[in-house]
Amino acid sequence: MKDAHSDKYFNMHIFYTDQKVIVKYNNEFFSSPDWSWDAFINRKGLHQQVLNDIRAVTADSSLENAIKNAKAPIISQEIWASGVTYMRSREARMEESKDAGGGDFYAKVYDAERPELFFKSSAGRAVGHGEKVRIRKDSAWNVPEPELTLFMCSAGTIEGYTIGNDMSSRDIEGENPLYLPQAKCYDGAAALGPCLFVPHTPINPDARISIEISRGGKTMFSDEISINRMKRSHTELAEYLFREMSFSNGVYLMTGTGIVPPDTFTLNYADEIAISIEGIGTLINEVAG
Ligand code: DO4
Ligand code: MG
């Protein structure tokens, strides 16, 4: 029997390179000068629409090289984020903010009907696979947050997935939850990539997300978790985001982190962060100053 999540039969990956949209499907590569990123991805029933598109063009194996230089899969989309969707995030944040008396808010939002949603990044401040993420100069405690990231088209339906890194300054957020936008939003604080994964059914709920942080070739931290450990459903998060907002080019939504390094760990300049999600690929970024 065919496996519904098998690459061989159904998976589709869309890459954005310099001016080019490239589709990888069943290990074949397709592109057309008629495809422009914003219009190409912003379609309901994207998997089927792209299948129709690639039937009209010829596969081109020379495109395989081009995807090695893929950029972040974003042009006019905003990046939003959800928070405290995994128990580990709730615990770590209650601990880091306990001296400031902010701990209760995290416990409450974890149990509340309404999720935490916040603006994370414009496309211009985000980076892609192979580019550098940043840590703030006025922060001494920084971590990456590896997050499954949903793509919704302007109709609000989930059409694809990518890997996100929600870089966070723990000391700034821990000092006062009202500092969240400064802890989360700055140049190079969001990474997305390496592609937009467009399966024909929703992503495998047992898919694992993993992270490895290396320094000078030595692993400093690694961990993994299944995305099914998330407290909320993907459709619930998408529904809240679209309640009173429209996104004419579609939108990305990071779904929160289930992995937080121990409190003794902080990122350094030149650390390498590799985040993988089964079915999507691996997003690698070095930390710049
Ligand atoms: O509550 C602050 C941010 C939470 C977050 O980014 C996460 O849980 O991933
Ligand atoms: Mg996060």
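Everything quoted here is computed from the prediction, not taken from an experiment.

About the cut-offs
Residues numbered from 1 in each chain as written. Chains lettered and ligands numbered in written order. Predicted model: local features only at pLDDT ≥ 70, side-chain atom pairs only at ≥ 80, totals over all residues. Heavy atoms only, no water. Helix = DSSP H or I, 4+ residues; strand = E, 2+ residues; numbered from the N terminus. Buried < 20%, exposed > 50% of the residue type's maximum accessible area, 1.4 Å probe, protein only. Contact = heavy atoms within 4.5 Å. Polar contact = N/O pair within 3.5 Å; in protein donor to acceptor, adjacent residues only side chain to side chain. Near = heavy atom within 4 Å. Areas by Shrake-Rupley, 256 points an atom, 1.4 Å probe, with all protein chains shown as cover. Nonpolar A, V, L, I, M, F, W, Y, C, P; charged D, E, K, R; others polar.

1. Some remarks on the environment of serine 82
For step 1, the next point in the chain: Tracing the chain through its elements places serine 82 in strand β4 (residues 78-83).
For step 2, the next point in the chain: Since its relative accessible area comes to 1%, serine 82 is described here as buried.
For step 3, the next point in the chain: Linking serine 82 and glycine 250, residues 168 residues apart in sequence, is a C-alpha distance of 17 Å.
For step 4, the next point in the chain: Every residue in contact with serine 82, bar those within four places of it in the chain, is listed here: Glu116, Leu117, Phe118, Glu147, Leu237, Leu253, Met254, Thr255 and Gly256.
For step 5, the next point in the chain: Within polar-contact distance, the side chain of serine 82 engages the backbone oxygen of methionine 254 at 2.8 Å.

2. Observations concerning the site of ligand 1
For step 1, the next point in the chain: Surveying the vicinity of ligand 1 reveals 16 residues, the closest of which are Val84, Ser89, Glu116, Lys184 and Thr257.
For step 2, the next point in the chain: Between ligand 1 and valine 84 there is a distance of 2.8 Å, counted from an oxygen atom to a backbone nitrogen or oxygen.
For step 3, the next point in the chain: Note that an oxygen atom of ligand 1 is positioned 2.8 Å from one of the side-chain N or O atoms of glutamate 116.
For step 4, the next point in the chain: Protein contact buries 99% of the 280 Å² of open area that ligand 1 shows by itself.
For step 5, the next point in the chain: Those elements giving two or more residues to the shell around ligand 1 turn out to be β4, α4 (87-96), β5 (116-121) and α7 (180-184).
For step 6, the next point in the chain: Considering only residue class, the shell around ligand 1 consists of 4 nonpolar, 5 polar and 7 charged.

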